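Read off the chains here:
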Amino acid sequence: GESVGLHLPTLSVQEGDNSIINCAYSNSASDYFIWYKQESGKGPQFIIDIRSNMDKRQGQRVTVLLNKTVKHLSLQIAATQPGDSAVYFCAENTGGGFKTIFGAGTRLFVKA
Amino acid sequence: DAGVTQSPTHLIKTRGQQVTLRCSPISGHKSVSWYQQVLGQGPQFIFQYYEKEERGRGNFPDRFSARQFPNYSSELNVNALLLGDSALYLCASSLGQHGELFFGEGSRLTVL
C-alpha cells in the first residue's frame, strides 16, 4: 500500500550545524515529493519539492535528495537557525496528483 | 494577497452534533483539499475538489462530506460527531489539480 514514513521522530541540532531529515516511501509509482514545515499553531508550509526524474534539488539553505532505488527522500538544511525549529513532513503525491500523503513528521529542535 | 482562510478557528461540539467548516482558497486557485490532523500525527487526506467536482476521497466514513462553490470556496461537513473526530482540520488550495498545496491555519475541533 501507500505510505510515507520518517526514520526519526525528533532531531536536535546545534545552531549553525547542518540538519538532515530522512523519509522513506513505499509507492514506487509516486512521481512527486514535497517537504513541508509546520510551526506550532500554523498550517504546513511548502519548503521544496522534487519530481521523480531528478535526484537532487536545491533551494535557499535547503536541499532535497531523492533515491528511487531505495525509495528514500531526505531534506538537508544548511546552517540551521532557531527559526528552523518546527515539525517537518515529507509528502508524496500519488498518481493522478489529487491526493498528497503525509508522513508522521520529524520535530526539529535547534539548540542555541 | 490573502492566503487560505478558514473559519471558525476553534469550536467545541458534543458527540452526535454536526459541524460545518469553511475555507476560502487563494484567489485564482481552483482546487481545495481537506485534511484532518490529529495531535502528533501528519495530516490525513479527506477530500480534494477541483472545478467544483470531487476528485479524490480518503479513507473517511460517509459522515464526512464536502462541497465546493462556484467561487471555489469550500465547506466540510461532519455529521454525528465522535470523540475521535477531535482534530485540526486543514484546508489547502492549489492552482491546479496537482502541485504545491497552500494551507490555511486550520479549524481546531474539540468533541466532548
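Preceding block: the structure.
Fair warning: this is a prediction, and the values are worked out from it, not measured in the lab.

Draft legend 1. Representation of the overall build of chain B within the structure. Helices and strands together make up the secondary structure of chain B, namely 0 helices and 11 strands. Mapped in sequence order, the helices and strands of chain B form the string β-β-β-β-β-β-β-β-β-β-β. Radius of gyration (C-alpha) of chain B: 13 Å, near the 13 Å computed for a compact globule of 112 residues. A principal-axis box enclosing the C-alpha atoms of chain B has dimensions of 35 × 25 × 25 Å. The buried share of chain B, reckoned over its 112 residues, is 53%. Counting contacts in chain B only where the partners sit at least 6 residues apart, residues at least 24 apart contribute 53% of the total. Looking at charge distribution, chain B has the averaged site of its 10 positive side-chain charges lying 7 Å from that of its 9 negative ones.

Draft legend 2. Seen up close, the side chain of B:Asp85. Residues and elements named next belong to chain B. Inspection of the secondary structure assignment puts Asp85 in the loop between strand S8 (74-78) and strand S9 (87-94). Relative accessible area serves as the criterion here: at 4%, Asp85 is assigned to the buried category. Only 2.8 Å separates the side chain of Asp85 from the backbone nitrogen of Leu82, close enough to count as a polar contact. Every residue in contact with Asp85, bar those within four places of it in the chain, is listed here: Gln36, Arg63, Phe64, Val78, Ala80, Leu109 and Val111.

Draft legend 3. Summary view of the interface of chain B and chain A. Contact with chain B, which involves 21 residues of that partner, is made by 17 residues of chain A. In total, about 1500 Å² of surface goes out of reach between chain B and chain A, with carbon and sulfur atoms giving 54% of it. Where chain B packs against chain A, one counts 0 salt bridges. When residues of the side of chain B that touches chain A are traced back to their parent elements, those giving at least two are strand S4 (31-37), strand S5 (44-50), strand S6 (53-57) and S9 of chain B. The element contributing the most residues to the side of chain B that touches chain A is S6(B), with 3 residues. Broken down by class, the residue content of the side of chain B that touches chain A amounts to 7 nonpolar, 10 polar and 4 charged.

Draft legend 4. Just the state of the cysteines, in detail. Tallied over the entire structure, the rule returns 2 disulfides over all chains. At a sulfur-sulfur separation of 1.8 Å, the disulfide partner of A:Cys23 is A:Cys90. Linking A:Cys23 and A:Cys90, the disulfide has an S-S dihedral of approximately 55° and is accordingly described as right-handed. One end of the pair, A:Cys23, is in strand S3 (residues 19-25); the other, A:Cys90, is in strand S9 (residues 86-93), with 67 residues separating them in the sequence. Both residues of the pair, A:Cys23 and A:Cys90, belong to the buried class. Note on cysteine connectivity: B:Cys23 is disulfide-linked to B:Cys91, with sulfurs 1.8 Å apart. Judged by the torsion about the S-S bond (-65°), the B:Cys23/B:Cys91 disulfide is left-handed. Here B:Cys23 is found in strand S3 (residues 19-24), whereas its partner B:Cys91 is found in strand S9, with 68 residues between them in sequence. Across this residue pair, the class does not change: B:Cys23 and B:Cys91 are buried.

Criteria and cut-off values
- Residues numbered from 1 in each chain as written.
- Chains lettered and ligands numbered in written order.
- Predicted model: local features only at pLDDT ≥ 70, side-chain atom pairs only at ≥ 80, totals over all residues.
- Heavy atoms only, no water.
- Helix = DSSP H or I, 4+ residues; strand = E, 2+ residues; numbered from the N terminus.
- Rg over C-alpha atoms; globule rule 2.2 N^0.38 Å.
- Buried < 20%, exposed > 50% of the residue type's maximum accessible area, 1.4 Å probe, protein only.
- Contact = heavy atoms within 4.5 Å.
- Lys, Arg positive; Asp, Glu negative; His and termini not counted.
- Charge placed at Lys NZ, Arg CZ, Asp CG, Glu CD.
- Polar contact = N/O pair within 3.5 Å; in protein donor to acceptor, adjacent residues only side chain to side chain.
- Buried area = accessible area lost by both parts, 1.4 Å probe.
- Salt bridge = Lys/Arg side-chain N within 4 Å of Asp/Glu carboxyl O.
- Nonpolar A, V, L, I, M, F, W, Y, C, P; charged D, E, K, R; others polar.
- Disulfide = S-S within 2.5 Å.

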